[in-house]
Amino acid sequence: MMMSPPGDVIMLCLGTFVGEVSPDRPAGWWQKGAHKKKCVGSCHVSGKDCTEPCDHPFRGKMTFGCPGGRWQKSTETCASLDAQSLLQRISRPGYVINPYSTHSSASGARDGRLCSADFSCIIRDVLDAEPVAGNIVSIVTLLQSISSNVSTDVTTEKLEGYSKMANRVLEGSAVPNWAFVRDKNASSILLESVISFAGKLRIGSSPPDVSDLFIATKGARIGKNTPEKHFTFSMGSNNSKSHLNGTVSLPREGLQLLTANSSGIAVALPTLGPIIDKTLSKGLSVNGMVLSVALPKALKEVSLEFEKMNKTVSALCVAWHSALRRWEETACELEKDNAAVVTCRCQHQPALFQSFSILMSPVGVQHPSLHFITCVGLVISICSLVLCLAIEAAVWRQVTQTQISYMRHVCLVNIAASLLVADVLFIVAAFVNGRPRNHGGCVAATFFVHFFYLALFFWMLALGFLILYGLLLIFWHLRKSTLLAAAFGIGYGCPSAIALLTVLITEPRKGYLRDDACWLNWKETKALLAFVIPALLIIGVNLVVVLVVIAKSGRSSAGDRSKIQDLVTVIRVSKNLVLLTPLLGLTWGFGLAIVHDASLALHLVFSLLNAFQGFFILLFGTLLDRKTREGLRMKCFPSKSPITICAASKPNSWGFLWRPSSDLAVSSAADPAVISTAADGQAKPHHATVVHRYLGGFT
């Protein structure tokens, strides 16, 4: 579902259109222990920003802009907390808890495991830190790292400690300072981290209820025999005495669809809406608390009731899209709206499959169109690849009579086999990623998906090298065993090394997987680059191969070119381009765009071109190959097989590159379109013929 963040969680709130959200500097934001302004007075509108270092004990700098002719602070990075040192303190065994810890027993002070159990050794540092912009970023980074590395079995004690730290950046004194945070995605990262952590909560016999001033979490065991379930919240808003109310309701008819006992978790964040308004939201202002739920996949619908903060404006039910980082209106519908309370009904439909574009993208964009393209494309691709391999097996003896045709079909078969296994494992990984996620199974699925998609690319690279070998190194003749050893070394040796190094380096730090899919991590370790970089480098090399083929096949044989010859050349070049684009993986080049852009249009184009790659390999690599079609005719209609007419072979300096009709159904040594004559009278192969030998009969 478009609105679903990692972990089958939906984040919902009540909103109203109010125009552009202005990140103006709030009055009185300057807190105790902060810094004096150093860039003051009038300024030139066209001048550069003014930058000043932070005062002791803070590190970082403050940046001032010049709107309206006077210096005004735009961003700051002033911080006293170091997220990495706090993380090391949690993981360090035997660490002595600091004197600010709430644990005072001697055994507690010696037992470092107490900190990892409830984060007690770092909570006081976080609570004592001034909630300036730099410290806000440090706390968000800390919460994100904890959420990413924690297991799926979060205890109530851990959740209590985590909530205390999250509450520090959600309290009223911190809200104005979010306007000066440089990374405008920090509020979205906070939201995703909090929900991801809460979604891993272990629910025992007593329902958990963990509440701080500005964040509350409730959970319960639910099943098909559970009556209608309600999670009710009443919390303060921005340090005011007034309270906001909110309720999450799980309807009875929906609970009856559950086949096994599961858990439902709801989180309320009354001040997160104004924070998102200051950093990300445009044209939409939150008019109630933010409610989020983690539900079983079988539960399709949830009802939410919000109390309005501004009673005079009309209501709009929206959901937060974590990948695109914006509010979405299509996920929920307004069910009831009166002066004080609004009821929203939202569809909870998490997609089983991530879109195919997740293979190259740091974020998994979710959209019904992407899921449809992925599912249909994978089914067609898998069926096409099975058919491709069956045809290759049937005509193998007919199409591999020469060394070069043998190597071409070896590459084609391994390309098809690698893509077939990778596509099947992509589907398996989607099932393994279900809730509760099997971590070991997810690691295994990710490793093999990574390996076989890399094998696909390296076999395409081997095919590219084979084409260059035949076109450029025309006086070299390597043994078949040498070519096979080189091809298999490239095709499977390189992917094995890359995939193994990736899992061995990142998995011990819990940075191999991403939260929302069984695929390579991006946020913490950038493990995704172990797939993206080799793929893009191979695409670059194969693009050079295509340019060489076009240059070779575009040359004229001899004499002046006629318009007919020009037309034949254009057709030949176009055929080669169409043939090589899917076989050498050039369509994956769109992955470079989606690495940097979460645009839905780019993800749609990428998925369309590459989810159907198996079909394109069947079409251009097998069905449109002349010798393959003739081999199929010989198998199916042996009495109607065409007669191959071969010219007498004459020893010459071109070796295996010029064997008259060895790769053609019908040819003639006297055909001027096939053979050109050198100045010394010795026959040489025409460029188009050489290209034909290495690309198959389609040319």
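Remember, it's a predicted structure, so these values are computed and weren't measured experimentally. (Residues numbered from 1 in each chain as written. Predicted model: local features only at pLDDT ≥ 70, side-chain atom pairs only at ≥ 80, totals over all residues. Heavy atoms only, no water.)

### Things to note about the overall build of the protein
Okay, step 1: When you go through the protein residue by residue, the secondary structure sums to 20 helices and 19 strands.
Okay, step 2: In the protein, once contacts between residues fewer than 6 apart in sequence are set aside, the share between residues at least 24 apart is 72%.
Okay, step 3: Summed over its atoms, the accessible surface of the protein is roughly 30,100 Å², and 60% of this surface lies on carbon and sulfur atoms. (Helix = DSSP H or I, 4+ residues; strand = E, 2+ residues; numbered from the N terminus. Contact = heavy atoms within 4.5 Å. Areas by Shrake-Rupley, 256 points an atom, 1.4 Å probe, with all protein chains shown as cover.)

### Digging into the state of the cysteines
Okay, step 1: Within the structure shown, the criterion is met by 5 disulfides.
Okay, step 2: A sulfur-sulfur separation of 2.1 Å characterises the disulfide bridge that pairs C332 with C346. Residues C332 and C346 share a disulfide whose torsion about the S-S bond is about 110°; that sign makes it right-handed. One end of the pair, C332, is in strand 14 (residues 332-337); the other, C346, is in strand 15 (residues 341-347), with 14 residues separating them in the sequence.
Okay, step 3: The buried category is assigned to C332, whose relative accessible area is 10%.
Okay, step 4: Of the residues examined, C346 reaches a relative accessible area of 0% and is grouped as buried.
Okay, step 5: The disulfide that involves C442 links it to C518, with 1.9 Å between the sulfurs. The sign of the S-S torsion, about -130°, decides the handedness of the disulfide formed by C442 and C518: left-handed. Residue C442 is located in helix 12 (residues 439-472), and its partner C518 is located in strand 17 (residues 517-520); the two are separated by 76 residues in the primary sequence.
Okay, step 6: The class of C518 is buried, set by a relative accessible area of 8%. (Disulfide = S-S within 2.5 Å. Buried < 20%, exposed > 50% of the residue type's maximum accessible area, 1.4 Å probe, protein only.)

### Focus on helix 1 (residues 83-91)
Okay, step 1: When helix 1 is considered as a whole, its buried residues turn out to be A83, L86, L87, R89 and I90. Looking straight down helix 1, one finds its buried side chains confined to an arc of 155°; they lie on one side.
Okay, step 2: In this structure D82 caps helix 1, since a side-chain oxygen of it lies 3.2 Å from the backbone nitrogen of Q84. (Arc of directions from axis to C-beta. Polar contact = N/O pair within 3.5 Å; in protein donor to acceptor, adjacent residues only side chain to side chain.)

### Focus on the sheet that holds strand 4 (residues 72-76)
Okay, step 1: In space, the 3 strands of this open sheet follow the order 2-3-4, with antiparallel pairing throughout. The open sheet has two edge strands with one neighbour each: strand 2 (50-53) and strand 4. Taking the axes of each pair of neighbouring strands and ignoring which way they run, one obtains an average angle of 30° across the sheet. (Pairing = 2+ DSSP bridges. Axes fitted to C-alpha atoms, helices over the stretch in contact; angles between N-to-C directions.)

### A few points about the pairing of strand 4
Okay, step 1: Here strand 3 (residues 61-65) pairs with strand 4 via 4 bridges, running antiparallel. In the strand pairing of strand 4, G65 is matched with Q72.
Okay, step 2: Following strand 3, the chain reverses through 6 residues before pairing antiparallel with strand 4; G68 in that reversal takes a positive phi of roughly 75°.

### Observations regarding the side chain of E392
Okay, step 1: The residue E392 is located in helix 10 (residues 368-399) in this model.
Okay, step 2: No salt bridge forms around the buried E392; measuring N to O, its nearest opposite-charge neighbour R408 is 6.0 Å away.
Okay, step 3: With near-sequence residues (within four places) excluded, E392 lies in contact with H409, L412, V413, T622 and T628. (Lys, Arg positive; Asp, Glu negative; His and termini not counted. Salt bridge = Lys/Arg side-chain N within 4 Å of Asp/Glu carboxyl O.)

### Regarding the pairing of strand 14
Okay, step 1: Bridge count for strand 14 against strand 15 is 5 bridges, and the pairing is antiparallel. Across the sheet, residue C332 finds its bridge partner in strand 15, namely C346.
Okay, step 2: With antiparallel pairing between neighbouring strands as the criterion, strand 14 and strand 15 make up a hairpin whose turn holds 3 residues.

### Some thoughts on the pattern of salt bridges
Okay, step 1: Enumeration according to the criterion identifies 9 salt bridges in this entry.
Okay, step 2: Across the pair E76 and K73 runs a salt bridge whose closest N-O atoms are separated by 2.6 Å. Here E76 matches K73 in class, with each residue buried.
Okay, step 3: In this structure, D128 and R124 form a salt bridge, with 3.9 Å as the shortest nitrogen-oxygen distance. In this pair, D128 and R124 both sit in helix 4 (residues 120-128), 4 residues apart, roughly one turn of the helix.
Okay, step 4: Look at D128 and you get partly exposed, because its relative accessible area is 46%.
Okay, step 5: Residue class for R124 comes out partly exposed when judged on its relative accessible area of 28%.

### Topic: the packing of aromatic side chains
For any pair of aromatic rings, the description consists of the separation of the ring centres together with the inter-plane angle of the planes.
Okay, step 1: Throughout the structure, instances matching the rule amount to 17 aromatic pairs.
Okay, step 2: Arranged with centres 5.0 Å apart and planes meeting at 75°, the rings of F457 and W588 form a pair that is edge-to-face. Taken together, the positions of F457 in helix 12 and W588 in the loop between helix 15 (563-583) and helix 16 (591-596) put the pair 131 residues apart, joining distant regions of the chain. Across the pair, exposure class does not vary: F457 and W588 are buried alike.
Okay, step 3: Here the aromatic rings of F531 and W588 are separated by 6.3 Å at their centres, their planes lie at 75°, and the arrangement is edge-to-face. With F531 in helix 14 (residues 529-553) and W588 in the loop between helix 15 and helix 16, this residue pair connects regions lying 57 residues apart in the sequence. Like F531, the residue W588 is buried in the burial classification. (Phe/Tyr/Trp six-rings, centres within 6.5 Å; stacked < 30°, edge-to-face > 60°.)

### A short note on the packing of helix 5 (residues 133-149) against helix 7 (residues 186-198)
Okay, step 1: Contact geometry of helix 5 with helix 7 gives a least axis separation of 9 Å together with a crossing angle of 35°. Between helix 5 and helix 7 the crossing geometry is left-handed. Here helix 5 contributes V140, L143, Q144, I146 and S147 to the contact with helix 7, which in turn contributes A186, I189, L190, S193, S196 and F197.
Okay, step 2: Of the residues in the contact of helix 5 with helix 7, the class split is 7 nonpolar, 4 polar and no charged. (Left-handed = near helix turned anticlockwise from the far one by under 90°. Nonpolar A, V, L, I, M, F, W, Y, C, P; charged D, E, K, R; others polar.)

### Some remarks on the confidence of the model for the protein
Okay, step 1: Looking at the protein, pLDDT values average 75 and 70% of them are 70 or higher.
Okay, step 2: Confidence over residues 641-690 falls short of pLDDT 50; this stretch has 79 contacts with residues more than four positions distant or in other chains. (pLDDT = per-residue confidence, 0-100.)

### Considering the nonpolar core
Okay, step 1: In terms of nonpolar packing, the biggest core is built from 75 residues, with L359, Y453, F457, L463, F531, W588 and I617 touching the most fellow members.
Okay, step 2: Counting only elements with at least two residues in this core, the list comes to helix 10, helix 11 (403-432), helix 12, helix 13 (480-506), strand 17, helix 14, helix 15 and helix 18 (613-623).
Okay, step 3: The element that contributes the greatest number of residues to this core is helix 12, accounting for 22 residues.
Okay, step 4: Not counting residues within four places of it along the chain, the set of residues in contact with L359 comprises F426, V449, Y453, W519, L528, F531 and W588.
Okay, step 5: By size, the runner-up hydrophobic cluster in this structure holds 58 residues, among which are I90, V169, W178 and V181. (Core = buried A, V, L, I, M, F, W, Y, C linked by side-chain atoms within 4.5 Å.)

### Some details on the packing of helix 11 against helix 13
Okay, step 1: Between helix 11 and helix 13, the shortest axis-to-axis distance is 11 Å and the interhelical angle comes to 20°. Taken as axis vectors, helix 11 and helix 13 run roughly parallel relative to one another. In this structure, the crossing between helix 11 and helix 13 has a hand that is right-handed. Residues Q403, Y406, M407, V410, N414 and S418 of helix 11 form the contact with helix 13, whose own contacting residues are K480, L483, L484, A487, F488 and Y492.
Okay, step 2: Grouping the amino acids of the contact of helix 11 with helix 13 by side-chain chemistry returns 8 nonpolar, 3 polar and 1 charged. (Parallel < 35°, antiparallel > 145°, perpendicular 65-115°, else oblique.)

### A short note on the sheet that holds strand 7 (residues 229-236)
Strands in a sheet are paired, the pairing made by backbone hydrogen bonds, and the direction either parallel or antiparallel.
Okay, step 1: Strand order in this open sheet of 5 strands is 7-8-11-15-14, and the pairing throughout is antiparallel. One side of each edge strand has no neighbouring strand; the edge strands of this open sheet are strand 7 and strand 14. Shown here is a sheet whose adjacent strand axes are inclined to one another by a mean of 20°, direction ignored.

### A few points about a nonpolar patch on the surface
Okay, step 1: A contiguous nonpolar patch, built from L472, L473 and W476 and spanning about 330 Å² of accessible area, is present on the exposed surface.
Okay, step 2: Within the secondary structure layout, W476 lies in the loop between helix 12 and helix 13.
Okay, step 3: W476 gets classed as exposed once you look at its relative accessible area, which sits at 54%. (Patch = residues over 30% accessible without salt bridge, like charges linked within 9 Å, V, L, I, M, F, W, Y side chains within 5 Å.)

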